[in-house]
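# Structural overview
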Amino acid sequence: QVQLVESGGGLVESGDSLRLSCVASGRTEIDYAMGWFRQATGKEREFVAGISWGGSNTMYGDSVKGRFTISRDKEKNTLYLQMNNLTAEDAAVYICVARTAYGSTSSALFGGWHEYNYEGRGTQVSVSS
């Protein structure tokens with residue numbers, strides 16, 4: 001069992017940057033692939049970014065490629081999402097997710113919500129234009 005707590009959201013202006021964090025606690029001795037999804041009001045949940053449990057591989061949703069960067073600090077049990085050049089379309093609740101590494105390689109990536117075992121409560125990002 002692992003618990004995920006996001007932070008770093010807030011209200012910014014269009015073109016600004018934000019860095020989200022997600023701290024994992026509990027059974028952190030287990031390796032986890034991790035990622036970010038977002039949910040905007042009235043829209044379907046959207047994959048934002050994922051990182052392999054080994055940390056060597058990343059992937060991004062088409063709408064954030066080139067602007068967002070996912071990274072992790074395994075010693076701090078923390079996942080990050082650096083978001084640059086934010087627009088109103090990026091406004092959403094950002095949710096951190098984790099998947100136990102059992103049965104997967106260190107470079108495996110996961111882009112589907114149901115591929116993850118754990119989720120945080122989310123942090124709100126609002127963007128004024």
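Conventions used here
- Residues numbered from 1 in each chain as written.
- Predicted model: local features only at pLDDT ≥ 70, side-chain atom pairs only at ≥ 80, totals over all residues.
- Heavy atoms only, no water.
- Helix = DSSP H or I, 4+ residues; strand = E, 2+ residues; numbered from the N terminus.
- Rg over C-alpha atoms; globule rule 2.2 N^0.38 Å.
- Buried < 20%, exposed > 50% of the residue type's maximum accessible area, 1.4 Å probe, protein only.
- Areas by Shrake-Rupley, 256 points an atom, 1.4 Å probe, with all protein chains shown as cover.
- Lys, Arg positive; Asp, Glu negative; His and termini not counted.
- Charge placed at Lys NZ, Arg CZ, Asp CG, Glu CD.
- Pairing = 2+ DSSP bridges.
- Core = buried A, V, L, I, M, F, W, Y, C linked by side-chain atoms within 4.5 Å.
- Contact = heavy atoms within 4.5 Å.
- Salt bridge = Lys/Arg side-chain N within 4 Å of Asp/Glu carboxyl O.

### Regarding the overall build of the protein
A count of helical and extended segments in the protein gives zero helices and eleven strands. Reading the helices (α) and strands (β) of the protein from amino to carboxyl end gives β-β-β-β-β-β-β-β-β-β-β. Its C-alpha radius of gyration of 14 Å places the protein within 12% of the 14 Å reference for a compact globule of 129 residues. Seen along its three principal axes, the alpha-carbon backbone of the protein occupies a region of about 45 × 25 × 25 Å. Per-residue burial over the protein gives 43% buried out of 129 residues. Just so you have it, the protein exposes about 6600 Å², and 44% of that area is on carbon and sulfur atoms. On the protein, the mean spot of the 12 positive side-chain charges and the mean spot of the 14 negative ones are 3 Å from each other.

### Concerning the pairing of strand β11 (residues 123-128)
Side chains Thr-123, Val-125 and Val-127 of β11 all project onto a buried face; the interleaved residues Gln-124, Ser-126 and Ser-128 project onto a face where none is buried. With four bridges connecting them, strand β2 (residues 10-13) and β11 associate as parallel partners. Each residue of the ladder has a partner; that of Leu-11, found in β11, is Ser-126.

### Re the nonpolar core
Counting 29 residues, the largest nonpolar core has Leu-4, Met-34, Trp-36, Leu-81, Met-83 and Tyr-94 as the members making the most contacts within it. Excluding anything up to four places from it in sequence, Leu-81 contacts Leu-18, Arg-19, Leu-20, Trp-36, Val-48, Ala-49, Phe-68, Thr-69, Ile-70 and Tyr-94. Ile-95, Val-97, Trp-113 and Tyr-116 belong to the second-largest nonpolar core, a separate cluster that totals nine residues.

### Comments concerning the pattern of salt bridges
Note that side chains of opposite charge can pair when their charged atoms are close. Taken as a whole, this structure holds six salt bridges when the rule is applied. Two residues, Asp-31 and Lys-74, come together in a salt bridge whose shortest N-O distance is 2.9 Å. Here Lys-74 lies in the loop between β7 (68-73) and β8 (78-83) and Asp-31 lies in the loop between β3 (18-26) and β4 (32-39), a separation of 43 residues in the sequence. Across the pair Lys-65 and Asp-62 runs a salt bridge whose closest N-O atoms are separated by 3.1 Å. Like Asp-62, Lys-65 is exposed. Taken together, the shared-partner salt bridges connect Arg-38, Glu-46, Arg-67 and Asp-90 into one network.

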